[in-house]
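One letter stands for each residue in the lines below.
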Amino acid sequence: MTTVSPAPAVTAVPAGERGATKIADRVVAKLAAQAAREALRTAAPGRTTDAHASVTVHRKDGRPYFGEARVRVAVELPYPSDIGAQCGAVRRRVTERVTTLANMEVPDVAVEVERLHSPLLDTSGRGRVR
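Quantities reported herein were computed from a predicted structural model and do not represent experimental measurements. (Residues numbered from 1 in each chain as written. Predicted model: local features only at pLDDT ≥ 70, side-chain atom pairs only at ≥ 80, totals over all residues. Heavy atoms only, no water.)

## Comments concerning the overall build of the chain
A count of helices and strands for the chain gives two helices and three strands. Listing the helices and strands of the chain from first to last along the sequence gives α-β-β-α-β. Across the 130 residues of the chain, 30% fall into the buried class. The long-range fraction of contacts in the chain, counting pairs at least 24 apart against all pairs at least 6 apart in sequence, stands at 66%. If you sum the accessible surface of the chain, you get close to 9,000 Å²; carbon and sulfur atoms cover 52% of it. (Helix = DSSP H or I, 4+ residues; strand = E, 2+ residues; numbered from the N terminus. Buried < 20%, exposed > 50% of the residue type's maximum accessible area, 1.4 Å probe, protein only. Contact = heavy atoms within 4.5 Å. Areas by Shrake-Rupley, 256 points an atom, 1.4 Å probe, with all protein chains shown as cover.)

What follows is the structure in structure tokens.
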């Protein structure tokens, strides 16, 4: 006959002793760049766009898992298009995704337009222009 012993009592560990997950700045930058690409695909479907991001994270209260992320996103946009609307969509999407996925406040998203692509100026495959 087997004796069943009671399960040991589970004690709650205080939040400060459980540990924390630190999200590296480069990971936050990748989240921001992906969010920018998502926003541009929605704003200009079917057009080629690219985005790169850099982030400066300021930790709050010495806690590694919460802080403010100041984001700078460099984008390449199709032209002609509504550049202001696309930049606004990028700002909103980056703020939303970084806040949701990294649990960080995003008080500032700077969008820099690096390049404009125009199908009218695409000379690949056409040969010489005279």
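## Notes on the pattern of salt bridges
By the definition in use, this model includes six salt bridges. For arginine 97, the salt bridge goes to glutamate 38, with nearest N and O atoms at 3.8 Å. With arginine 97 in helix H2 (residues 83-102) and glutamate 38 in helix H1 (residues 25-43), this pair connects stretches of sequence that are 59 residues apart. Salt-bridge contacts for arginine 72 lead to glutamate 112; the nearest nitrogen and oxygen are separated by 3.8 Å. A residue pair is termed long-range when its members are at least 10 positions apart, and arginine 72 in strand E2 (residues 67-78) and glutamate 112 in strand E3 (residues 104-117) qualify at 40 residues. With a relative accessible area of 44%, arginine 72 lands in the partly exposed category. Here glutamate 112 falls in the partly exposed class, since its relative accessible area comes to 36%. (Salt bridge = Lys/Arg side-chain N within 4 Å of Asp/Glu carboxyl O.)

## Section: the nonpolar core
In globular proteins that are soluble, nonpolar side chains generally tend to be buried together. Ranked by size, the top nonpolar core spans 26 residues in total, and within it Val28, Ala69, Val71, Val73, Val90, Val94 and Val98 carry the most contacts. A per-element tally of this core places H1 first, with seven residues. Ignoring anything within four residues of it in the chain, the contact list for alanine 69 reads Val28, Val55, Thr56, Val57, Val98, Met104, Glu105, Val106, Pro107 and Asp108. (Core = buried A, V, L, I, M, F, W, Y, C linked by side-chain atoms within 4.5 Å.)

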